[in-house]
Amino acid sequence: MVKRSGISPLKAWGIRLIAAVLGLIVAAFVIVGITGVNPLKVYEGIIGGAVGSPRRIWVTVRETVVLLLIAVGLMPAFKMRFWNLGAEGQILAGGIACSALMIYGKSIPAPLLLFLIIVCSALGGMIWGFLPGLFKAIFNTNESLFTLMLNYVAMQLVTFFIVFWENPSGSNSVGIINPSGKEGWFPALFGSDYGLNILIVLIVTVVMTLYMKITKHGYEIAVVGESQNTARYAGINVGKVIIRTMLVSSAVCGLAGAVIVSGASHTISTSTAGGRGFTAIVVAWMANLNPAGMLLVAAFLVFMQQGSIQIASQYGLNENASDIITGILIFFLIGCEFFIRYHLKVVNTEDDKS
């Protein structure tokens with residue numbers, strides 16, 4: 001096995017397609033072995049659960065764009081080789097800021113309130129990402145552990161605010177915020193309740209792509225990611241780049257908190273992030289930090305997740321059984337990246353001996 005010098009995008013995606021087909025075949029055998037159910041019927045149920053009705057389609061789209069937004073937020077940090085595992089906490093920090101404005105800012109005019117929600121949720125995430133960036137830049141701390149531990153701090157912070165925001169009193173939950181007046185809720189756009197969600201994610205994705213590709217900051221991120229010593233030799237302030245990049249990365253993840261709270265659930269809890277921060281890591285790496293690829297991977301994972309919910313109820317499968325199907329497919333998709341980066345080369349042993 002030797003490392004490829006390069007591979008065309010078409011061939012790379014062809015390998016991924018073959019891996020997905022192989023994954024579906026292996027999953028079919030597992031389905032038959034565990035449940036005895038016709039796998040084609042199960043796959044039909046997955047399709048129906050994800051896109052079987054207009055409402056299911058919109059839910060799938062809504063979850064896809066949220067996952068895409070978080071993956072796009074992780075992109076600059078990962079490009080810099082800063083392992084930001086704290087997206088969950090950054091989402092919750094943004095969600096807390098968003099919820100506070102929805103609860104205490106009901107008298108603010110709707111357009112201004114919406115603007116403040118977007119800005120403050122991004123600032124909330126930014127604050128949550130600032131500390132690990134600062135400590136990495138000054139003390140070279142382990143960013144993986146730092147950002148991961150901050151996730152649990154954010155969860156406890158949400159629990160703290162629930163004590164003051166619980167509705168009804170004694171329920172230990174916030175409940176739906178402003179259900180009557182819908183203050184702070186994202187307004188319908190393009191005939192859908194989730195139209196503004198899509199627009200925000202589209203704008204952020206385009207801006208972040210341009211930021212990474214054509215700006216000086218994007219170039220500096222790439223250089224620092226390749227080699228910090230080379231970056232220093234080129235006159236780049238590595239510490240400054242680390243802090244700035246984490247501010248950008250965590251701000252986008254914080255914005256995802258507003259998209260989730262104001263644009264979808266209209267409440268906050270410790271499960272608001274719902275594991276999306278970790279799933280987005282898989283999305284970003286499987287797409288090789290390519291936003292277009294992230295969209296495809298995010299859509300596929302959400303499609304399978306939403307479909308798994310359907311087959312769990314339709315065929316009496318528990319959540320673990322449906323997760324096995326998704327896990328097998330992810331295993332094949334991650335595994336195929338090896339064959340994208342490497343290929344089998346036949347070596348003439350007689351030539352080697354000579």
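Residues numbered from 1 in each chain as written. Predicted model: local features only at pLDDT ≥ 70, side-chain atom pairs only at ≥ 80, totals over all residues. Heavy atoms only, no water.

K.L.:
What am I meant to see in the pattern of salt bridges here?
P.N.:
Note that side chains of opposite charge can pair when their charged atoms are close. Applying the stated rule across the entire model yields six salt bridges. Close ionic contact of Arg62 with Glu63 constitutes a salt bridge, the shortest N to O distance being 3.0 Å. Under the relative-accessibility criterion, Arg62 is labelled buried at 15%. Taking the relative accessible area as the measure of exposure, Glu63 reaches 14% and is therefore buried. A salt bridge links Arg244 to Glu220; the nearest nitrogen and oxygen atoms lie 2.6 Å apart. Of this pair, Arg244 sits in helix H10 (residues 238–265) while Glu220 sits in helix H8 (residues 216–226), placing them 24 residues apart in sequence. With a relative accessible area of 11%, Glu220 lands in the buried category. Connected through salt bridges with shared partners, the residues Arg16, Glu337 and Arg341 form a single ionic network. (Salt bridge = Lys/Arg side-chain N within 4 Å of Asp/Glu carboxyl O. Buried < 20%, exposed > 50% of the residue type's maximum accessible area, 1.4 Å probe, protein only. Helix = DSSP H or I, 4+ residues; strand = E, 2+ residues; numbered from the N terminus.)

K.L.:
What exactly am I supposed to notice about the packing of aromatic side chains here?
P.N.:
Each aromatic ring pair is summarised here by two numbers: the centre-to-centre distance and the angle between the ring planes. This structure, assessed with the given rule, holds twelve aromatic pairs. Seen from their ring centres, Phe160 and Phe161 are 5.4 Å apart, and the 80° between their planes marks the pair as edge-to-face. Overall, the relative accessible area of 24% leaves Phe161 in the partly exposed class. Centre to centre, the rings of Phe338 and Tyr342 are 5.0 Å apart; their planes meet at 20°, and the pair counts as stacked. Residue classification places Phe338 among the partly exposed positions, given a relative accessible area of 37%. By way of ring pairs, the aromatic residues Tyr104, Phe160, Phe161, Phe164 and Trp165 are connected into one cluster. The ring of Trp13 carries the charged tip of Arg16 above its face, separated from the ring centre by 4.4 Å. (Phe/Tyr/Trp six-rings, centres within 6.5 Å; stacked < 30°, edge-to-face > 60°. Lys NZ or Arg CZ within 6 Å of the ring centre and 35° of its normal.)

K.L.:
Even after reading the chapter, I still don't get the environment of Leu74, so can you show me in this structure?
P.N.:
With respect to the helices and strands, Leu74 occurs in helix H3 (residues 54–79). When neighbours within four sequence positions are excluded, Leu74 is seen to be in contact with Asn84, Ala87, Ser249, Cys253, Gly277, Ala280 and Ile281. (Contact = heavy atoms within 4.5 Å.)

K.L.:
Whenever I open this one, the state of the cysteines confuses me. Can you help?
P.N.:
Here a disulfide denotes one covalent bond, and it connects the sulfur atoms of two cysteines. Under the counting rule described, the total for this entry stands at zero disulfides. Of the cysteine sulfurs around Cys98, a residue in no disulfide, the closest is that of Cys120, at 9.6 Å. Residue classification places Cys98 among the buried residues on the basis of a relative accessible area of 0%. (Disulfide = S-S within 2.5 Å.)

K.L.:
How do you make sense of the nonpolar core when you look at a structure like this?
P.N.:
Buried together is how nonpolar side chains tend to be arranged in soluble globular proteins. Residues Leu69, Ile70, Val283 and Met294 are the most contacted members of the largest nonpolar core, which totals 80 residues. Look past the residues within four positions of Val283 in its chain and what remains in contact with it is Leu67, Ala71, Met294, Val297, Ala298 and Leu301. (Core = buried A, V, L, I, M, F, W, Y, C linked by side-chain atoms within 4.5 Å.)

K.L.:
Before we go on, may I ask you to explain the packing of helix H5 (residues 110–139) against helix H6 (residues 143–165) in this structure?
P.N.:
Axes are the key here: two packed helices are described by the angle between their axes and the distance separating the axes. The contact between H5 and H6 brings their axes to 10 Å, and the two run at 155°. For the element pair H5 / H6, the angle class is roughly antiparallel. H6 is crossed by H5, and the crossing has right-handed handedness. For the pair H5 and H6, contact is made by Trp128, Leu131, Pro132, Phe135 and Lys136 and by Glu143, Phe146, Thr147, Leu150, Val153, Ala154 and Leu157, respectively. Considered class by class, the residues forming the contact of H5 with H6 number nine nonpolar, one polar and two charged. (Axes fitted to C-alpha atoms, helices over the stretch in contact; angles between N-to-C directions. Parallel < 35°, antiparallel > 145°, perpendicular 65-115°, else oblique. Left-handed = near helix turned anticlockwise from the far one by under 90°. Nonpolar A, V, L, I, M, F, W, Y, C, P; charged D, E, K, R; others polar.)

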